[in-house]
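Residues per chain, in single letters:
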Amino acid sequence: MRTSQNRRYQSETALNSPTSIVISFVINLFTIFQASTSAAQSKRQGQGEKEIVSLGLEERVGEDDGIHAAVRETAETTGKVYKQMWTQAGKKAGSRTREIIYILLFLADRTLATSKGTKHRGTGFNPEWLNMLQFKPWLYHTQHGMFCRLCRHHKPAPKKGATKRAFVEFGANTYRQDYLERHITKEHHQESIRCQASLASGVSVMDSFEPTIVLEHEAVIGGFKCLYWLVKNEKAHHTNYSKLLSLAELLGCDYFKKLKIDHRNNYRSHRIIDEMLEILSHEIEEPILMAIRASQAISLEIDESTDVSVSRQLDLHVRYMDKEGKVVNQFLDLVTVPDGKADTIVSAVKKVLLEKGIPTERLYGLGTDGAAVMTGRLNGVAKQLTDSFPKLVTVACAAHRLALACKDASNDVKYMATFRNHLQDLYLYFRNSANRTATLKAASITLGVSDLKLKEVKDTRWLSQHKAIETLQRNLSAVLGALAEEAEVRKCPGAKGLYTFCATYRFVAAVYLQADVLPHLACLSKIFQKAHVNFLHIKEQVPVTIQTLKNINEAGQTPLPGSFLSRLHEDLDDPQGLGAFNIQHEEERDRRGREVQDESRVGKWARFQREIIHPYITGLVKNLEKRFHNLDILGAFHVLGPQSATLKDDTVNIAHLQTLSRKCCPQHEKEVVQEWLSFKNHVLTGIFKNKNQEELLSLLASEFDEWANLYPCLSLLASIALVIPVSSVNCERDFSTMNRVKTDLRNQLQREHLAACLRISINGPSPEAFPYNRALETFFSKPRKIRCSNKSCRLCYKK
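The shown structure was predicted, so the numbers you read here are calculated from the model rather than taken from an experiment.

A. Geometry of the overall build of the protein chain. Within the protein chain, the regular secondary structure consists of 34 helices and 7 strands. Counting contacts in the protein chain only where the partners sit at least 6 residues apart, residues at least 24 apart contribute 71% of the total. Summed over all atoms, the accessible surface of the protein chain reaches about 41,600 Å², with 52% contributed by carbon and sulfur.

B. Structural context of the nonpolar core. With 113 residues, the main nonpolar core has Phe528 and Tyr616 as its most contacted residues. If you tally residues by element for this core, the top one is helix H22 (residues 505-528), at 15 residues. With residues up to four places along the chain from it excluded, the contact list for tyrosine 616 reads Ala409, Ser410, Val413, Met416, Leu513, Gln514, Val517 and Leu518. Counting residues in each nonpolar core, the second largest holds 76 residues, with Ile292, Leu334, Ile760 and Phe779 among its members.

C. Highlighting the pairing of strand S5 (residues 327-336). In terms of burial, S5 is a largely internal element, 9 of the 10 residues being buried. Two elements, strand S4 (residues 312-321) and S5, share 9 bridges in a ladder whose sense is antiparallel. Bridge pairing in S5 links glutamine 313 to threonine 336. From the end of S4 to the start of S5, which pair antiparallel, there are 5 residues, and glycine 325 there has a positive phi angle of about 85°.

D. Structural context of the pairing of strand S3 (residues 298-306). In the sheet, S3 pairs with S4 via 9 bridges, with the strands oriented antiparallel. Each residue of the ladder has a partner; that of serine 299, found in S4, is arginine 319. When S3 meets strand S6 (residues 363-368), the two strands line up parallel, connected through 4 bridges. Residue glutamate 301 lies in a different strand from S6, and its bridge partner there is glycine 367.

E. Here's a closer look at the packing of aromatic side chains. Enumeration according to the criterion identifies 22 aromatic pairs in this entry. Here tyrosine 228 and phenylalanine 770 contribute two aromatic rings whose centre-to-centre distance is 4.6 Å and whose plane-to-plane angle is 35°, an arrangement assigned as tilted. Of this pair, tyrosine 228 sits in helix H10 (residues 211-232) while phenylalanine 770 sits in the loop between helix H33 (751-763) and helix H34 (772-779), placing them 542 residues apart in sequence. Exposure class is identical for tyrosine 228 and phenylalanine 770. Each is buried. The interplanar angle of 40° and the centroid separation of 4.9 Å between the aromatic rings of tyrosine 255 and phenylalanine 256 together place this pair among those described as tilted. On the accessibility criterion, tyrosine 255 (27% relative accessible area) is partly exposed.

F. The arrangement of the pattern of salt bridges in detail. Inspection of the entire model under this criterion finds 29 salt bridges. Its salt-bridge partner being glutamate 249, residue arginine 268 comes within 2.8 Å of it at the nearest N-O pair. On the criterion of sequence distance, the pair formed by arginine 268 in the loop between helix H11 (237-250) and helix H12 (270-294) and glutamate 249 in helix H11 is long-range, its members being 19 residues apart. The class for arginine 268 is buried, based on a relative accessible area of 13%. For glutamate 249, a relative accessible area of 16% translates into the label buried. Put simply, glutamate 304 and arginine 312 hold a salt bridge, and the shortest N to O gap is 2.9 Å. The exposure class assigned to arginine 312 is partly exposed, which follows from its relative accessible area of 30%.

G. Spotlight on helix H17 (residues 414-431). Here H17 is 18 residues long and its end C-alpha atoms lie 26 Å apart, about the 26 Å a rise of 1.5 Å per residue gives. The set of residues buried in H17 consists of Tyr415, Met416, Phe419, Arg420, His422, Leu423, Gln424, Leu426, Tyr427, Tyr429 and Phe430.

H. Representation of the environment of threonine 618 within the structure. Mapped onto the elements, threonine 618 comes out in helix H25 (residues 601-628). Counting along the chain gives 209 residues from threonine 618 to alanine 409, while the straight-line C-alpha distance between them is 8.2 Å.

I. Broad picture of the confidence of the model for the protein chain. Of the residues in the protein chain, 77% have a pLDDT of 70 or more, and the chain-wide mean is 79. Below a pLDDT of 50 lies the segment residues 35-72, which in the model reaches 47 contacts outside its immediate sequence neighbourhood of four places, other chains included.

J. Structural context of the side chain of glutamate 283. Mapped onto the elements of the fold, glutamate 283 is located in helix H12. Each residue touching glutamate 283, except ones within four places of it in the same chain, is listed here: Phe770, Arg774, Ala775 and Thr778.

K. Fine view of the side chain of arginine 746. You can see arginine 746 is positioned in the loop between helix H32 (729-741) and H33. Comment: no salt bridge for buried arginine 746; closest opposite-charge side chain is glutamate 234, at 7.6 Å. A polar atom in the side chain of arginine 746 sits 3.1 Å from the side chain of histidine 237. Filtering out sequence-adjacent residues up to four positions away, arginine 746 remains in contact with Glu234, Lys235, Ala236, His237, Val741 and Cys757.

L. Representation of unusual backbone geometry. At tyrosine 267, a residue that is not glycine, the phi angle is positive and equals roughly 55°. Of note in the backbone geometry, arginine 751 takes a positive phi value of approximately 50° without being a glycine. On the secondary structure map, arginine 751 appears in helix H33.

M. How the structure looks around the packing of helix H19 (residues 464-474) against H22. At a minimum axis distance of 9 Å, the contact between H19 and H22 shows a crossing angle of 135°. It follows that H19 is oblique to H22 by the angle criterion. The handedness of the crossing between H19 and H22 is left-handed. Of H22, the residues touching H19 (which contributes Gln465, His466, Ile469, Leu472 and Gln473) are Phe507, Val511, Tyr512, Gln514, Ala515, Leu518, Pro519 and Ala522. For the contact of H19 with H22, the class distribution of residues is 9 nonpolar, 4 polar and no charged.

N. Seen up close, the sheet that holds S4. The mixed open sheet is built from 5 strands, whose spatial order is S5-S4-S3-S6-S7. Two strands lie at the open edges of the sheet, namely S5 and strand S7 (393-396), each paired on one side alone. Going across the sheet, the axis of each strand differs from the next one's by a mean of 20°, ignoring polarity. Each of S3, S4, S5 and S6 touches helix H13 (residues 342-356); the most contacted strand, S5, lies at about 120° to it.

O. Here's a closer look at a nonpolar patch on the surface. On the surface, Leu247, Leu250 and Leu251 cluster together to form a nonpolar patch covering roughly 360 Å² of accessible area. As for its placement among the helices and strands, leucine 247 is situated in helix H11.

P. View of the packing of H11 against H12. Running from N to C, H11 and H12 point in directions that differ by 100°, and their axes come no closer than 10 Å. Viewed along their axes, H11 and H12 adopt a mutual orientation that is roughly perpendicular. Listed contacts from H12 to His237, His238 and Tyr241 of H11 are His270, Ile273, Asp274, Met276 and Leu277. Here the residues of the contact of H11 with H12 are counted per class, giving 4 nonpolar, 3 polar and 1 charged.

Rules used in this analysis
- Residues numbered from 1 in each chain as written.
- Predicted model: local features only at pLDDT ≥ 70, side-chain atom pairs only at ≥ 80, totals over all residues.
- Heavy atoms only, no water.
- Helix = DSSP H or I, 4+ residues; strand = E, 2+ residues; numbered from the N terminus.
- Contact = heavy atoms within 4.5 Å.
- Areas by Shrake-Rupley, 256 points an atom, 1.4 Å probe, with all protein chains shown as cover.
- Core = buried A, V, L, I, M, F, W, Y, C linked by side-chain atoms within 4.5 Å.
- Buried < 20%, exposed > 50% of the residue type's maximum accessible area, 1.4 Å probe, protein only.
- Pairing = 2+ DSSP bridges.
- Phe/Tyr/Trp six-rings, centres within 6.5 Å; stacked < 30°, edge-to-face > 60°.
- Salt bridge = Lys/Arg side-chain N within 4 Å of Asp/Glu carboxyl O.
- Expected span 1.5 Å × (residues − 1).
- pLDDT = per-residue confidence, 0-100.
- Lys, Arg positive; Asp, Glu negative; His and termini not counted.
- Polar contact = N/O pair within 3.5 Å; in protein donor to acceptor, adjacent residues only side chain to side chain.
- Axes fitted to C-alpha atoms, helices over the stretch in contact; angles between N-to-C directions.
- Parallel < 35°, antiparallel > 145°, perpendicular 65-115°, else oblique.
- Left-handed = near helix turned anticlockwise from the far one by under 90°.
- Nonpolar A, V, L, I, M, F, W, Y, C, P; charged D, E, K, R; others polar.
- Patch = residues over 30% accessible without salt bridge, like charges linked within 9 Å, V, L, I, M, F, W, Y side chains within 5 Å.

In structure tokens:
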């Protein structure tokens, strides 16, 4: 009996000893720690998401973890009990044991203080985070850790790294505020925020829940934008496309990384660039072809040239009438032909018309440059196409005809032909030497002239001689001064020869003559070079120009007031200008040992007028009348103007109407005359009373006005009159674009790809207005390596 009591007493004493208390406290702490970390350990073993589902627990904002609540309750109870036991035991213990007990008492006090919510918070979830503005919209807490409401709702696909992420696939157990702030900066969290915002703004649910679709589609669209910008601005797209994508990535366009599927598929090869170029070209061309097919009158402008790789290119430019009665000009195609023969050109034109689906029964006009291969009477291009399409009206380019008229007039006067050649020699003399150019610049500064840059004279540039004369007349004294210095100081024979020719009365007078004549011809040339020029401009402007030239010729000994010739002698006497060169005493030089007797100024003027002014201007007038007087069938369209309606005798008007109807609408000759008799009354007294001919034709051609229904035959004739080209200047502009696109460094650009570049550069809208979504649909019409994650996407997964 006593033995059992002693044993019980010894046990109780052992339990109350400091050593037993320490051991018991450590065991309890280990039990608490093991219970509090069991969930986290199970998640690390891959059970996180499954455990959440299997437990069937609700995820509520601010819900306390039961395990952690038990841990805190156990910690409080344990702290109170052990604090009391250690206080009693410390009185009986030794000094070393007392130190251990005091340490444990300190830890117990910290545990109690933490459980009571003092300023030193213990580990675990802080409920105050749920009230913070940066965390409140998305954070919630469960027994399995912290979760993000937005990320779990939208679940953006992981772009790199682990597929299971904290706050999304499993709960986060790192209870620190900086860890929460770090989640806010994560890319998938930002993507979830954008998806939620798009849902609130009315974007489709599919686009919000699958942002990778947008990213991968946007990557393709971004590639199209970069390529289109390069081609529209006539840059080397093969060379610069990949560089532009890399620059965009560097500037923060990360979605371009979606184009890099693997090391072999990155959508930057020349093959895919050419394919994307064809898609862009197709999206521009298709609406144009649809408008052409819907037009009631179509015409073509054709011309051929040689590119930098010495390949012969045939350019086709189309003119058609839209439904509003306006003329539209568009680049149609560029075809490489093996030679410049008429049969080859005709075959190429017919092939393009067939491939593009252009209705040839509505083809009424053909504009050419007037070359022999185009306008040959027996077997020219115009003759062969007219045989195939009987309604076709062929016209030689008015701008080319004007240039040829000016050239022929100069060649008819011997001195003017030499004068033109010396203008070119003068340009080349200064252009080929930096020292000579510096001398010319110094002379211009000394004489107080500005904008001194001599212009080149070329037959292919219709306004080049006008610009050269304009610059030379303004800076003639500086040019003569520079030539004189080069001849006297540097003993340059070339400068001496040019100075001998230029420092004469005849040369200076010829410069002033052309300064009076060429502006009128340049104005006419600019009119003919407009994109929407028609026969009305020839009808109105050519007679005015001819009459102006006749007035200059008929002025006689007294030039017209305000003209350059009227101040010729005044400038020759100006000591600050031409007077310094004593030109009036050097009209001719000694030649072949014979001295030419100097004449008076009156005699020089009379001789110049007799030998140069009169024959030169007479030749100009003659050539203009010869090349523009006979407009053939175009003259018959005058019947649709207001002046024809005022004639009392309709015989001429009816004859013109019959000519037009036989050519353009042979089955409706009677209807044309009947409609015109009714239309005539509207012109005289009705709504068309105060309209000019161009306004009348536009109103008749418009399909939105009632006149097209009242007068269908006249409406067709009006459309034909407006679309028939009177020049081929649009082809010349196309060739200028071709020369900018196909350079020495890009000489391998050929066929459909060269045509695609021209189509984008000429016909394409601005990069901001291009329909990239249509290009995206065409791009995904073929199977692609790049795909979005949505299996139901109608673009990436075609059935």
